[in-house]
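Survey of secondary and tertiary structure
One-letter residues, chain by chain:
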Amino acid sequence: MASAKIVALPMIEKHSDPEPAAVAAKSSAAEISAVETVANASAPVTSSELPVPASEPVPTVSLTKVLRSLLAQITRERLITAALACISIGALFLFWYLGTKYRFEFYIRFKNVPTPYEVYQQLTQVGLSNKYLFNIAISVRRILLGFFIAMAIGVPLGLAIGKYQRVRDLFMPVIEILRPIPAIAWVPMSIMLWPNNEASIVYITFIGAFFPILLNTIHGVHSLDGVLVRAARCLGASEFRLFLNVILPGSLPHIFTGLAVGMGVAWVSLIAAEMISGQFGVGYFTWEAYSLVDYPAIVLGMITIGFLGLACSGIIRMVGVLLMPWLAFAPGGRR
């Protein structure tokens, strides 16, 4: 008889599932904690529970900080620029002093020219007088009125003429006819056109500043790279955005050149108008001194005109530097 064989089979371990009671207990505990969290979030927070912000120190401005910031602005380049400016102005006054002291008479004559000390004495006599300061204030007011009117008209008109061919065809013939007429030739006509001398002098000042501003603005638009305009149009820029973001910034260097030139021509026109038909102003003060044969007062008036023109041109350059910071990285700019 065949013997029976017993085969041992491996036992498979069976993991018992967790008891239903334990699972229920865990789920109920999770629900209770969630409810407590929502309740705590919705409960009002009392002022005692709020975090107290740390007190920030109040910033103070000390004289030492101000002096340090001012000293930080003084660089070697600026010191060299200031030194060269002082040398050039000092050389002019030195030439004047030597000419009046030794009475040069080589083609030009210094025989009747007052010395720097005589002009300084004249300045101490009339420098703080109401008449002298009033004449300066009148001239400054006239120059600002004429210049700002010329800028308000010349810059937009120059942008339009430079951008649009039809506007250029309309305005340029009239401009080219009026531009060669000097401002001094407008004095008789302005007296007939305007009701008083004040308005006529402001108009002559406007004429002197208008054409340099206009022509430099037109040149600035024509000098603009056409790739920038085409790129702005491809990006969907409107006509207003094209003028505001492309044409105007690209033309600003030429515009400020025109403003500086226009300011100089405006001073020339203003002084000429005040000498001819004015009753107040630095030009009238200088001409009155000439009529009274007061030579130190003549030179004082000329120096006053020069320093006023220098101050106006310097302000224009400062505004240009603030509005065009990218020019510091241009060739020849100060980085």
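Rules used in this analysis
Residues numbered from 1 in each chain as written. Predicted model: local features only at pLDDT ≥ 70, side-chain atom pairs only at ≥ 80, totals over all residues. Heavy atoms only, no water. Salt bridge = Lys/Arg side-chain N within 4 Å of Asp/Glu carboxyl O. Helix = DSSP H or I, 4+ residues; strand = E, 2+ residues; numbered from the N terminus. Buried < 20%, exposed > 50% of the residue type's maximum accessible area, 1.4 Å probe, protein only. Phe/Tyr/Trp six-rings, centres within 6.5 Å; stacked < 30°, edge-to-face > 60°. Contact = heavy atoms within 4.5 Å. pLDDT = per-residue confidence, 0-100. Axes fitted to C-alpha atoms, helices over the stretch in contact; angles between N-to-C directions. Parallel < 35°, antiparallel > 145°, perpendicular 65-115°, else oblique. Left-handed = near helix turned anticlockwise from the far one by under 90°. Nonpolar A, V, L, I, M, F, W, Y, C, P; charged D, E, K, R; others polar. Arc of directions from axis to C-beta.

Notes on the pattern of salt bridges
According to the stated counting rule, one finds eight salt bridges in the structure shown. In this structure, K131 engages E288 in a salt bridge whose closest nitrogen and oxygen atoms are separated by 3.2 Å. Of the two residues, K131 sits in helix α5 (residues 130-163) while E288 sits in helix α11 (residues 282-291), which places them 157 residues apart along the sequence. Relative accessible area serves as the criterion here: at 48%, K131 is assigned to the partly exposed category. E288 gets classed as partly exposed once you look at its relative accessible area, which sits at 23%. K163 is paired through a salt bridge with E239; the nearest N and O atoms lie 3.7 Å apart.

What to know about the packing of aromatic side chains
Two aromatic rings, taken as a pair, are described by how far apart their centres are and by the angle between their planes. Taken as a whole and judged by the stated rule, the model has 14 aromatic pairs. Summarising the aromatic geometry, the rings of F95 and F110 are spaced 5.7 Å apart at their centres and angled 80° between planes, so their arrangement reads as edge-to-face. In this pair, F95 sits in helix α3 (residues 76-102) while F110 sits in the loop between β2 (108-109) and α4 (116-126), placing the two residues 15 residues apart along the sequence. When its relative accessible area of 44% is taken as the criterion, F95 is described as partly exposed. Ring geometry for Y164 against F243: centres 6.0 Å apart, planes inclined by 40°, an arrangement best described as tilted.

Looking at the environment of V265
Along the chain, the position of V265 falls in helix α10 (residues 239-277). The spacing of V265 and G309 is 44 residues in sequence and 9.9 Å in space, taken between C-alpha atoms. Beyond its immediate stretch of four places on either side in the chain, V265 contacts G208 and P212.

Examining the confidence of the model for the chain
For the chain, the average pLDDT comes to 80, and 76% of its residues sit at 70 or higher. Across the chain, the secondary-structure element scoring lowest on mean pLDDT is helix α1 (residues 20-42), at 47, and the one scoring highest is helix α8 (residues 197-222), at 93. Note that pLDDT drops below 50 for residues 1-9; the model gives that stretch zero contacts with residues more than four away or on any other chain. For residues 12-30, every residue scores under 50 in pLDDT, and the model assigns this stretch one contact once sequence neighbours within four places are set aside.

Examining the packing of α5 against helix α12 (residues 295-323)
Contact geometry for α5 and α12: axes closest at 12 Å, N-to-C directions at 40°. Between α5 and α12, the interaxial angle falls into the category oblique. For the element pair α5 and α12, the recorded crossing hand is right-handed. Listed contacts from α12 to Y132, I136, V140 and F147 of α5 are L300, T304, L308 and I316. Of the residues contributing to the contact of α5 with α12, the split by class is seven nonpolar, one polar and no charged.

Considering the side chain of T217
Along the chain, T217 turns up in helix α8. Ignoring any residue separated from it by four or fewer positions in sequence, one finds T217 in contact with G154, V155, G158, L159 and I255.

Re the packing of α10 against α11
Closest axis-to-axis distance for the α10/α11 pair is 7 Å, and the angle between their directions is 55°. It follows from the interaxial angle that α10 and α11 lie oblique. Considering how the two elements wind past one another, α10 and α11 form a crossing that is right-handed. Of the residues in α11, those in contact with I271, E274 and M275 of α10 are V282, G283, Y284, T286 and W287. For the contact of α10 with α11, a count of residues per class yields five nonpolar, two polar and one charged.

Re α11
Taken residue by residue, α11 has V282, G283, F285, T286 and A289 as its buried positions. The arc enclosing the buried residues of α11, seen along the axis, measures out at 165°, which places them on a common side. At its buried positions, α11 is contacted by α5, α10 and α12. Once α11 finishes, V293 follows within two positions and takes phi at roughly 55°, a positive value.

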